[in-house]
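Here's the letter readout for the chains.
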Amino acid sequence: MSTVQQRDAPNTTDALAPREIAARVESIGVAKARADVLSVLLLSILAGAFIALGGAFFTVVVTGSELGFGVTRLLGGVAFSLGLILVVVAGAELFTGNNLVAMAWASRLISSRELLRNWVLVYVGNVVGASATALAVWLAQVHLLGDGAVGETALSIGLAKAELEPLPAFFRGVLCNALVCLAVWLSLGGRSVTDKVLGVLFPITAFVALGLEHSIANWFFLPYAALLGAARIDGYASGCALNLIVVTAGNIVGGTVLVAAVYWTAYLRPRTAD
């Protein structure tokens, strides 16, 4: 290749520019909204399982740590990142990340019905995958690791979530999914597996270290704690239901308003000639 040809050739190693990411999110949103039901459900179940495995990994990593609160949360966040890394690299459909499909809806490329169809199917599949993985982890007796210390950690996580007041739960959900959608956004800008992993790692580590709330992860933590004995505690079931409803609402606001709406307005909104 001549020097001129090399200079004019497109760069296939640099990350996509934000405007290019926005266009890519929009086109992917159309494909997601119109995918067949079986594919969506299967990939959604996988995503729920992947996030649950990240949650189980987090639980083991933070158990018994004597590194101090901040460092322990940091390491736990790195461990939990496994879940979204699997979703992004292996391929799966995650409800919180799919809040970005709203960008295609805002551009009127898909209907409200198609948007809601995707969200409902993906959420149901995620719940099945996360809850089934909680059962599998329980049957595998992961809670017995560390002479039962892992089980104690898992139980305390579930109880804390069930006791969380609605207002902080909502805003923790908002901030959480802003970071999750930004992680997906960064991963879509990458061109290699390494790019995608690094794009996911820091936002997800941040949301975990900050103690924010992820609805699909909670479909692992809450049922897992129930299997470990929390279900026998008065008010646990109602606390779980309230947490899941409020956090899901917060996740939707965080993903659609703080990320999808902002980037759509910046890069994809119709422009009028001056």
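An unreviewed UniProt entry annotates the protein chain as Putative formate transporter 1 originating from Engelhardtia mirabilis. Turning to the protein chain, the UniProt record has this under Subcellular location (unreviewed entry): "Membrane". What UniProt records for the protein chain under Sequence similarities (unreviewed entry) is the sentence "Belongs to the FNT transporter (TC 1.A.16) family."

Student: Whenever I open this one, empty space enclosed by the protein confuses me. Can you help?
Tutor: Gaps left between atoms show up when a probe the size of a water molecule is rolled over them. Applying the stated criterion across every chain yields a total of one cavity of 30 Å³ or more. In this model, the largest cavity occupies a volume close to 30 Å³. Of all the secondary-structure elements, those providing two or more residues to the lining of the largest cavity are α4 (69-91) and α9 (193-209). Broken down by class, the residue content of the lining of the largest cavity amounts to seven nonpolar, one polar and no charged.

Student: Would you explain the UniProt feature "transmembrane region" (unreviewed entry) in the protein chain in this entry?
Tutor: Mapped onto this numbering, the UniProt entry gives "transmembrane region" (unreviewed entry) at residues 37-62, 74-95, 116-140, 169-188, 200-221 and 241-264. What you have in residues 74-95 is 82% helix and 0% strand, and the ends, taken at the C-alpha atoms, are 24 Å apart.

Student: I tried to follow the layout of surface pockets on my own but got confused; where do I start?
Tutor: If you add up the space inside the largest pocket, you get close to 430 Å³. Elements supplying a minimum of two residues to the lining of the largest pocket: α3 (37-62), α4, α7 (149-162), α9 and α10 (215-227). Roughly 370 Å³ of internal volume is contained in the second largest pocket. The set of elements that each furnish at least two residues to the lining of the second largest pocket consists of α2 (18-33), α4 and α8 (166-189). Class assignment for the residues of the lining of the second largest pocket results in twelve nonpolar, five polar and three charged.

Student: Quick question: what am I supposed to make of unusual backbone geometry here?
Tutor: Glycine aside, negative phi is the norm for most residues, and most peptide bonds take the trans geometry. Not every positive phi belongs to a glycine, and Arg-108 is a case in point at roughly 65°. Take Arg-108: it is sitting in the loop between α5 (102-106) and α6 (112-139). Phi at Asp-147 takes a positive value of approximately 55°, unusual for a residue other than glycine. Residue placement: Asp-147 occurs in the loop between α6 and α7. Look at Asp-147 and you get exposed, because its relative accessible area is 83%.

Student: Explain the nonpolar core here, please?
Tutor: Judged by nonpolar contacts, the single largest core of 61 residues is most densely connected at Phe-80, Leu-84, Val-87, Met-103, Ile-204, Phe-207 and Phe-220. Setting aside its immediate chain neighbours within four residues, Phe-207 contacts Phe-80, Cys-176, Leu-179, Val-180, Leu-212 and His-214. Core analysis: the next-biggest nonpolar cluster, separate from the first, contains seven residues, Ala-225, Ala-230, Tyr-236 and Leu-244 among them.

Student: What exactly am I supposed to notice about the packing of aromatic side chains here?
Tutor: Here the distance between the centres and the angle between the planes together describe a pair of aromatic rings. Here the structure, examined in full by the defined rule, presents nine aromatic pairs. Seen from their ring centres, Phe-58 and Phe-221 are 6.2 Å apart, and the 80° between their planes marks the pair as edge-to-face. One end of the pair, Phe-58, is in helix α3; the other, Phe-221, is in helix α10, with 163 residues separating them in the sequence. Taking 5.3 Å as the distance between ring centres and 65° as the angle between the ring planes, the aromatic pair formed by Phe-220 and Phe-221 counts as edge-to-face. In terms of burial, Phe-220 and Phe-221 fall into one category: buried. Every member of this aromatic cluster is reached through a ring pair, and the members are Phe-58, Phe-220, Phe-221 and Tyr-224.

Student: I keep staring at the environment of Ala-169 and nothing clicks. Help me out?
Tutor: Within the secondary structure layout, Ala-169 lies in helix α8. We classify Ala-169 as buried; its relative accessible area is 2%. Each C-alpha atom, one on Ala-169 and one on Val-247, is 5.8 Å from the other, the two residues being 78 residues apart in sequence. Discounting residues that sit within four places of it in the chain, Ala-169 has contacts with Leu-164, Glu-213, Val-246 and Val-247.

Analysis parameters
Note that residues are indexed from 1 along each chain, following the sequence as it is written. The predicted nature of this model means local features are confined to residues of pLDDT at least 70 and side-chain atom pairs, given and counted, to a pLDDT of 80 or more, with totals for whole chains, interfaces and linings taken over all residues. Side-chain metrics in this entry use all non-hydrogen atoms of the structure; hydrogen atoms and water are not considered. UniProt positions are given in the numbering used here, feature names are shortened, and annotations may be inferred rather than shown by experiment. Cavities and pockets were defined on a 1 Å grid built over protein atoms only: a cavity is a set of grid points that admits a 1.4 Å probe from which the probe cannot escape, a pocket is an open set flanked by protein on both sides within 12 Å along at least five of seven lines, and lining residues are those with an atom within 4 Å of any such point. Grid points are joined across faces, edges and corners, and a volume is the space filled by probe spheres set on the points. Note on conventions: DSSP H or I runs of at least 4 residues are helices, E runs of at least 2 residues are strands, and numbering of each starts at the N terminus. Ten residue types, Ala, Val, Leu, Ile, Met, Phe, Trp, Tyr, Cys and Pro, are classed as nonpolar, four, Asp, Glu, Lys and Arg, as charged, and the remainder, Gly among them, as polar. Each residue is assigned to one of three classes by its accessible area relative to the maximum for its type, calculated with a 1.4 Å probe on protein chains only: buried under 20%, partly exposed between the two thresholds, exposed over 50%. Take the buried Ala, Val, Leu, Ile, Met, Phe, Trp, Tyr and Cys residues and link them wherever side-chain atoms come within 4.5 Å; each set so joined is a nonpolar core. In this analysis, two residues are considered to be in contact whenever any of their non-hydrogen atoms come within 4.5 Å of each other. Two aromatic rings, drawn from Phe, Tyr or Trp (for Trp, its six-membered ring), form a pair once their centres lie within 6.5 Å of each other, and the interplanar angle then sorts them: stacked below 30 degrees, edge-to-face above 60, tilted otherwise.

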